[in-house]
Protein chains: 2
Amino acid sequence: MAAYDFTAPRLHVADDLVPGAVLPLERAQANYLLNVLRRGPDDPVLLFNGRDGEWRATLAQSGRKSADLVVREQTRPQTPRPDLQYLFAPLKSARLDYLAQKAVEMGAGTIRPVFTRYTQGERLNVERLRANALEAAEQCGILALPEISEAVRLPVALAALAPERLLVFCDEDAPLSDPIAALRAAADPAAPPPLAVLVGPEGGFAQEERALISARPNTVALSLGPRILRADTAAVAVLALVQSVLGDTR
Amino acid sequence: MAAYDFTAPRLHVADDLVPGAVLPLERAQANYLLNVLRRGPDDPVLLFNGRDGEWRATLAQSGRKSADLVVREQTRPQTPRPDLQYLFAPLKSARLDYLAQKAVEMGAGTIRPVFTRYTQGERLNVERLRANALEAAEQCGILALPEISEAVRLPVALAALAPERLLVFCDEDAPLSDPIAALRAAADPAAPPPLAVLVGPEGGFAQEERALISARPNTVALSLGPRILRADTAAVAVLALVQSVLGDTR
């Protein structure tokens, strides 16, 4: 957690961010700033577009329901998208929203839905996933836009991983063992490889899926402890461990 | 994550659990089993009461809206409540529900709300916290009922901690450093002390609060990485690290 100005709202915009630019707000954003957050003329707003870093802008109200933002100066340079892929079996319900938010919050750069044998449902609203990932980036000060991949079946997802990428596989049937030691044994923390994490559906993986995953070189199975974790909880837990051993929380 | 029968619903009941006991279901539980989950006669249900371990029961329907459970045999012995306290500043909104669920999922035995200088709001629905903690226990196969403490102010919460209890303090202003190394330096993983974790409000701690916390012996400040984490995310991240270094995920 980094010290951060929580008082200025933070918005993603599509426009280029250059000093003096005047950006008309979309109706929903104007309503959010003016009526929900009750911001007024000259109040600061932080902007990012995934390319130009973060900029301070000020609000110029032009009506009760419309406003412009005037871009002032850059507050942070652009950061690259983290090379950490989060692969997961889609879930039903609001937990999928949380899962996307939490994976982004914990530093995943790519969110990749993967259909498995026991995946609940075969339909997935990719736009909703994207909106949730973007909301997490807005709220948590992340400047690179997370990539949302199209959903694919497990064998396709595995084949798409470069051989040098370490796949951390959260296996609910793995014997209880020290996850930190397992991660340290799988890669050199001093020169970590690109990373991917795979978390399965509530029903776990089928035997042939588990065999397929285990047959991949550069793959480590991780136990997340003696308790059953829901998928959105597992996302945070495994990413906290991966980031602390091999990622940017060291 | 442990292998577990996800197909049998799991319910907390107040009654003693002994073979042959017949337990009438509350109306809401009957509706949930019969009409939401569409379970019928002789279908299995797992029961726990926080005292007698986990038992398999079978459903005996007595009407469209009422049913009994017949207790059959014990499936798991009672486990003790984890001696891990989770102290947190209450938040507004649904995130508080998630926070309580996630702390319990990650193995906190005691949930203790703590009012700080920058806590949002001073009202707290303790019954709602308890219901969320219980729901997490039901869904995640946890047999000990989490304790929900009354909310107290930070100095009172600190004074209530036994001196030998290690307090892990998530400090968003702590310099970025290796959280695993910090935890290992704070206590001997081979003989870990009782644990408490403290996560502050979104606005962070006031300077005098930070001084008060740091003055406590047996306290370690932890950085959770370069990103801003929401309180329910921080709960899972810090508990994943604490459980992996000093707790039951080793």
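- Under an unreviewed UniProt entry, chain A has the name Ribosomal RNA small subunit methyltransferase E and belongs to Methylobacterium gossipiicola.
- If you open the UniProt record of chain A and go to Subcellular location (unreviewed entry), you find "Cytoplasm".
- UniProt, in its Sequence similarities (unreviewed entry) section for chain A, records the words "Belongs to the RNA methyltransferase RsmE family."

Some details on the relation of the copies chain B and chain A
Here's step 1: Expressed as a screw transformation, the operator carrying chain B onto chain A has a rotation angle of 180 degrees and an axial translation of 0.0 Å, and the superposed copies differ by an RMSD of 0.1 Å. Considering both components of the superposition, the chain copies are consistent with a two-fold axis. Residue A237 of chain B of chain B places its C-alpha closer to the rotation axis than any other residue of that unit, at 2.7 Å.
Here's step 2: A shared binding surface is used by both copies, with 100% of the interface residues of chain B retained as interface residues in chain A.

Comments concerning the interface of chain B and chain A
Here's step 1: In this complex, chain B contributes 48 residues to the contact, which on the side of chain A involves 48 residues.
Here's step 2: Taken together, the two surfaces of chain B and chain A that pack against each other cover about 4700 Å², and 57% of this comes from carbon and sulfur.
Here's step 3: The shortest N-O distance in the salt bridge between R227 of chain A and D248 of chain B comes to 2.6 Å.
Here's step 4: Counting across the interface, chain B meets chain A through 20 residue pairs in polar contact (both at pLDDT 80 or more).
Here's step 5: Breaking the side of chain B that touches chain A down by element, the ones donating at least two residues are α2 (94-105), α3 (126-140), α5 (179-186) and α7 (231-245) of chain B.
Here's step 6: No other element matches α7 of chain B, which puts nine residues into the side of chain B that touches chain A.

Here we look at empty space enclosed by the protein
Here's step 1: The tally for this structure, following the rule as stated, stands at two cavities of 30 Å³ or more.
Here's step 2: Counting residues per element, the lining of the largest cavity draws most heavily on helix α7 (residues 231-245) of chain A, which supplies four residues.
Here's step 3: Counted by class, the lining of the largest cavity contains six nonpolar, three polar and one charged residues.
Here's step 4: Around the second largest cavity, the lining residues are L224, R227, A237 and L241 of chain A together with M106, A240, Q243, S244 and T249 of chain B.
Here's step 5: Put simply, the parts of the chain that give the lining of the second largest cavity at least two residues each are α7 of chain A together with α7 of chain B.
Here's step 6: Ranked by the residues each element gives to the lining of the second largest cavity, the list is headed by α7 of chain B, at three residues.
Here's step 7: Split by residue class, the lining of the second largest cavity holds five nonpolar, three polar and one charged.

Looking at the packing of aromatic side chains
For any pair of aromatic rings, the description consists of the separation of the ring centres together with the inter-plane angle of the planes.
All names here are of chain A.
Here's step 1: Taken as a whole, this structure holds five aromatic pairs over all chains when the rule is applied.
Here's step 2: On the numbers, 5.3 Å between centres and 70 degrees between planes, the contact of F169 with F205 is edge-to-face. Remark: F205 occurs in the loop between β11 (195-199) and α6 (207-215) and F169 occurs in strand β10 (residues 166-170); sequence separation between them is 36 residues.
Here's step 3: Across from the ring centre of F48, 4.2 Å away, lies the NZ or CZ of R10, which sits over that ring.

Points about α5 of chain B
Here's step 1: Every buried residue of α5 of chain B is listed here: P179, I180 and L183 of chain B. Along the axis of α5 of chain B, the buried positions cluster into a sector of 100 degrees, meaning they face one direction only.
Here's step 2: Elements in contact with the buried residues of α5 of chain B: α5 (179-186) and α7 of chain A together with β10 (166-170), β12 (219-222) and α7 of chain B.
Here's step 3: The N-terminus of α5 of chain B is capped by D178 of chain B, whose side-chain oxygen sits 2.8 Å from the backbone nitrogen of I180 of chain B.

Quick word on the packing of α5 of chain B against α7 of chain B
Residue and element names in this part refer to chain B.
Here's step 1: Packing of α5 against α7 leaves a shortest axis separation of 10 Å and a crossing angle of 50 degrees. Taken together, the axes of α5 and α7 lie oblique to each other. Two packed elements cross with a definite hand, and for α5 against α7 that hand is right-handed. Judged by residue contacts, P179, I180, L183 and R184 of α5 engage L241, V242 and V245 from α7.
Here's step 2: The class makeup of the residues in the contact of α5 with α7 is six nonpolar, no polar and one charged.

A short note on the sheet that holds strand β2 (residues 22-24) of chain A
Residues and elements named next belong to chain A.
Here's step 1: The strand order across the open sheet built from five strands is β1-β3-β4-β5-β2, with neighbouring strands paired in mixed fashion. Since the sheet does not close on itself, it has two edges, and those belong to β1 (10-12) and β2, each with one partner. When strand polarity is set aside, the average angle formed by the axes of neighbouring strands in this sheet is 40 degrees.
Here's step 2: Two strands pair when backbone bridges link them, and β2 and strand β5 (residues 67-76) are joined in this way by three bridges, in the antiparallel orientation. Looking across to β5, one finds that P24 is bridged to D68.

Quick notes on the environment of T75 of chain A
Here's step 1: Inspection of the secondary structure puts T75 of chain A in strand β5.
Here's step 2: In this structure T75 of chain A touches L46, E54, W55 and R56 of chain A, once residues within four positions along its chain are discounted.

Structural notes on the pattern of salt bridges
Here's step 1: Under the counting rule described, the total for this entry stands at 32 salt bridges over all chains.
Here's step 2: A salt bridge links R128 of chain A to D97 of chain A; the nearest nitrogen and oxygen atoms lie 2.5 Å apart. With a gap of 31 residues between them, R128 of chain A in helix α3 (residues 126-140) and D97 of chain A in helix α2 (residues 94-105) connect regions that are remote in the sequence.
Here's step 3: Under the relative-accessibility criterion, D97 of chain A is labelled buried at 14%.
Here's step 4: Here R230 of chain B ties to E105 of chain A by a salt bridge, and the two come within 3.1 Å at their closest N and O atoms. Separated into two different chains, R230 of chain B in the loop between β12 and α7 and E105 of chain A in helix α2 make up a pair that spans both. Across the pair, E105 of chain A and R230 of chain B agree in class, each one buried.
Here's step 5: Taken together, the salt bridges that share partners define one network made up of R95, R230 and D232 of chain A together with K102, E105 and E135 of chain B.

So, the domain arrangement of chain A
Residues and elements named next belong to chain A.
Here's step 1: Examined at the domain level, chain A breaks down into domain 1 (10-76) and domain 2 (84-245).
Here's step 2: At the interface, nine residues of domain 1 touch seven residues of domain 2.
Here's step 3: Summed over both partners, the interface of domain 1 with domain 2 buries about 700 Å², with 61% contributed by carbon and sulfur atoms.
Here's step 4: At the boundary of domain 1 and domain 2, one finds zero salt bridges.
Here's step 5: The tally of links between domain 1 and domain 2 comes to five residue pairs in polar contact (both at pLDDT 80 or more).
Here's step 6: Ranked by the residues each element gives to the side of domain 1 that touches domain 2, the list is headed by β1, at three residues.
Here's step 7: Of the residues assigned to the side of domain 1 that touches domain 2, the class counts are two nonpolar, four polar and three charged.

What counts and what doesn't
Residues numbered from 1 in each chain as written. Chains lettered and ligands numbered in written order. Predicted model: local features only at pLDDT ≥ 70, side-chain atom pairs only at ≥ 80, totals over all residues. Heavy atoms only, no water. UniProt positions renumbered as here; feature names shortened; annotations may be inferred. Least-squares fit on C-alpha atoms with pLDDT ≥ 70 in both. Contact = heavy atoms within 4.5 Å. Buried area = accessible area lost by both parts, 1.4 Å probe. Salt bridge = Lys/Arg side-chain N within 4 Å of Asp/Glu carboxyl O. Polar contact = N/O pair within 3.5 Å; in protein donor to acceptor, adjacent residues only side chain to side chain. Helix = DSSP H or I, 4+ residues; strand = E, 2+ residues; numbered from the N terminus. 1 Å grid on protein atoms, 1.4 Å probe; cavity = no way out; pocket = protein on both sides within 12 Å on 5 of 7 lines; lining within 4 Å. Points joined across faces, edges and corners; volume = space filled by probe spheres on them. Nonpolar A, V, L, I, M, F, W, Y, C, P; charged D, E, K, R; others polar. Phe/Tyr/Trp six-rings, centres within 6.5 Å; stacked < 30°, edge-to-face > 60°. Lys NZ or Arg CZ within 6 Å of the ring centre and 35° of its normal. Buried < 20%, exposed > 50% of the residue type's maximum accessible area, 1.4 Å probe, protein only. Arc of directions from axis to C-beta. Axes fitted to C-alpha atoms, helices over the stretch in contact; angles between N-to-C directions. Parallel < 35°, antiparallel > 145°, perpendicular 65-115°, else oblique. Left-handed = near helix turned anticlockwise from the far one by under 90°. Pairing = 2+ DSSP bridges. Domains from an automatic or database assignment.

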